[in-house]
Amino acid sequence: MIGVLPLAFDLIRRAWRSGLVAAVGLAVAAAMVWLPTQASGEALDGGRLAAVWSLGLGLAQALILTAVAVLAVDGLARDVRDGQAALLATQPQGRVRWWLGRWLGAALLGLGWLALAVGVGLIMAGGQVPAAWQEIHAPQVQPLALPQGTIVDTGLEGPPGRLRLYLTTPEGDDAAGTLEIHSTTGARQAITVQPFRTYESDWPGGRLGLWQDGWPALVIDPGRDLVLRVPAGSGAANLLRVVVLLALQVLFVAALGAAAAGALRYPLALLAVLAWLFAAAHAPLLSSSLRPPGAQEEELLAHGHHADDGHDHGVSEGWWLEVLEGARLTGWSLTDALHRWWRVGDLGAGRLVPGAEVGQALLRLGLLQTVAVAVAGILLWRRRELALGDES
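Procedures and definitions
- Along each chain, residues carry numbers from 1 onward, in the same order as the chain's sequence is written.
- Side-chain atom pairs in this predicted model are given and counted only at pLDDT of 80 or more, local residue features only at pLDDT of at least 70, and totals for whole chains, interfaces and linings cover all residues.
- Each side-chain value is derived from all of the structure's non-hydrogen atoms; neither hydrogens nor water enter the calculation.
- Put simply, DSSP marks the helices as runs of H or I at least four residues long and the strands as runs of E at least two long, and each gets a number from the N terminus on.
- Relative accessibility thresholds used throughout: buried, under 20% of the residue-type maximum; exposed, over 50%; partly exposed, between the two (1.4 Å probe, protein chains only).
- Here the Shrake-Rupley method, with its probe set to 1.4 Å, supplies the accessible areas, and only the displayed protein chains count as covering residues.
- In a helix, the anticipated span is given by 1.5 Å times the number of residues less one.
- The directions considered for the arc run from the helix axis to the C-beta atoms.
- When checking whether two residues touch, look at their non-hydrogen atoms; a contact exists if any pair is within 4.5 Å.
- Note on pairing: two strands pair once DSSP finds at least 2 bridges between them.
- Axes here mean lines fitted to C-alpha atoms, for a helix over just the part in contact, with angles spanning 0 to 180 degrees between N-to-C directions.
- Whether two aromatic rings pair depends on their centres lying within 6.5 Å, for rings of Phe, Tyr and Trp, where Trp uses its six-membered ring; planes under 30 degrees apart make the pair stacked, over 60 edge-to-face, and the rest tilted.
- Only lysine NZ and arginine CZ atoms are considered, and such an atom sits over a ring when it is within 6 Å of the ring centre and within 35 degrees of the ring normal.

What follows deals with the overall build of the protein chain. The helix and strand inventory of the protein chain stands at eleven helices and twelve strands. Evaluated residue by residue, the protein chain yields a buried proportion of 47% over its 392 residues. Split by element, the accessible area of the protein chain, about 18700 Å² in all, is 61% carbon and sulfur.

Attention now moves to the environment of Ala 51. Within the element layout of this structure, Ala 51 appears in helix 3 (residues 47-82). Given a relative accessible area of 0%, Ala 51 falls into the buried group. With 294 residues separating them along the chain, Ala 51 and Gly 345 place their C-alpha atoms 9.1 Å apart.

Right, let's talk about unusual backbone geometry for a bit. What is expected of a backbone is that most residues other than glycine have negative phi and most peptide bonds are trans. With a phi angle near 65 degrees, Phe 196 is a residue other than glycine that sits in the positive phi range. For Phe 196, the position within the fold is in the loop between strand 6 (188-193) and strand 7 (198-203). Residue classification places Phe 196 among the partly exposed residues on the basis of a relative accessible area of 34%.

A few words on helix 1 (residues 4-18). Each full turn of the α-helix corresponds to 3.6 residues, which orients residues three or four apart in the same direction. Look at helix 1: 22 Å from first C-alpha to last across 15 residues, which is about the 21 Å you get at 1.5 Å a residue. Every buried residue of helix 1 is accounted for by Leu 7, Ala 8, Leu 11, Arg 14 and Ala 15. The buried residues of helix 1 occupy an angular sector of 120 degrees when the element is viewed end-on, so they sit on one face. When the buried face of helix 1 is taken as reference, the exposed residues oriented beyond 90 degrees from it are Trp 16 and Arg 17. With its phi angle positive at about 90 degrees, Gly 19 sits one or two positions after the end of helix 1.

Our next topic: the environment of Thr 178. In this structure, Thr 178 sits in strand 5 (residues 177-183). The class of Thr 178 is partly exposed, set by a relative accessible area of 30%. For Thr 178, the residues in contact, after removing those within four places along its chain, are Ala 190, Ile 191, Trp 211, Gln 212, Asp 213 and Trp 215.

Ordered by their spatial adjacency, four strands build an open sheet running 3-8-5-6, and the pairing between neighbours is antiparallel. Two strands lie at the open edges of the sheet, namely strand 3 (152-158) and strand 6, each paired on one side alone. Within this sheet the neighbouring strands show an average axis-to-axis angle of 25 degrees, counted without direction.

Scanning the model with the defined rule gives one aromatic pair in all. Judged by centre distance (5.5 Å) and plane angle (50 degrees), the ring pair of Phe 252 and Trp 276 falls under tilted. Taken together, the residues Phe 252 in helix 5 (residues 235-263) and Trp 276 in helix 6 (residues 266-289) connect sequence positions 24 residues apart. An identical accessibility class is assigned to Phe 252 and Trp 276; each is buried. Arg 95 extends its terminal NZ or CZ atom over the ring of Trp 381, reaching a point 6.0 Å from the ring centre. Note that Arg 340 overlies the ring of Trp 341, its terminal NZ or CZ placed 4.7 Å from the centroid.

Right, let's get into helix 5. Between its first and last C-alpha, helix 5 extends 42 Å over 29 residues, near the 42 Å set by a 1.5 Å rise per residue. Burial analysis of helix 5 places 23 of its 29 residues in the buried class, the great majority of the element.

Now the structure itself:
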């Protein structure tokens, strides 16, 4: 009886002889090399370094997932077309090993292409990865008022880092004034500021207090306009966590492709998996774009919010997203395998990807969703009627 590894290596050999391995590898390397050079330094915070790890790696992962989906579907579908799978019609255990071998082959190729993308990215970035920062916000929910001549405790507290704030005035006055930044460590810094502009300053650590002179009152939104960014580990560790998330996506897409090929004929299986990739990657965009004009503004106004204040008020995304996420597996939507764990943008921007989130992904995407799809795919494959000359 043929084992799982020989079947996986056989799929890899077939992909190599067809030129797919080299073609996808060249496309992935080109994405990592070419796309970051097209992004100007002003396009992204961090310039070219951020472009390598956000734009480049993002496009490379999209190419990898598409190639893995096609390869996983074609692996089993070609076996059916060539008549090899018909030899397993009376061997249920052989069918399980056959399915696992084809899934493993597609997954290993995907992981290899992902390793290539990371290697090329490190070369392009000179071995550098944006340092990881964690954003700390003040605990207040309501806008924070700063009366003139009074020290206000913002509630924001944290270790040394960078402080970013954005000031507004109820009267719309943009005249310059003085803002003093106080810390419970005893440090104090005075800066000349104007409302409706973003300012950054070094933060010595401790609890933040603000004092202003120049306006009857200043207003700060603590959830958006008052942020403390503190170092949160090395960029290499952040890269490793993101790569683990991307690898889990590869394993899931390989299982989804093999499951579709085990249940459907080749054209339908390929169409179903590619449609899922598109829906999973663009579910929020499709939801917002298919809503009637003005619907979002009406809902915001109905809840007492201004539509142009730049906040996510938790309003429903619309019926289309509910349709896209309607097919749920193990309690979670299938589409979150991509859009929930897609963190390459955070990697490029230097935002921390917590280890706890990787742990959740290992449990939900790895152990639950991928395993559930694999079990369903194996069951469908074992029950499928196979015959010589099947044209699927």
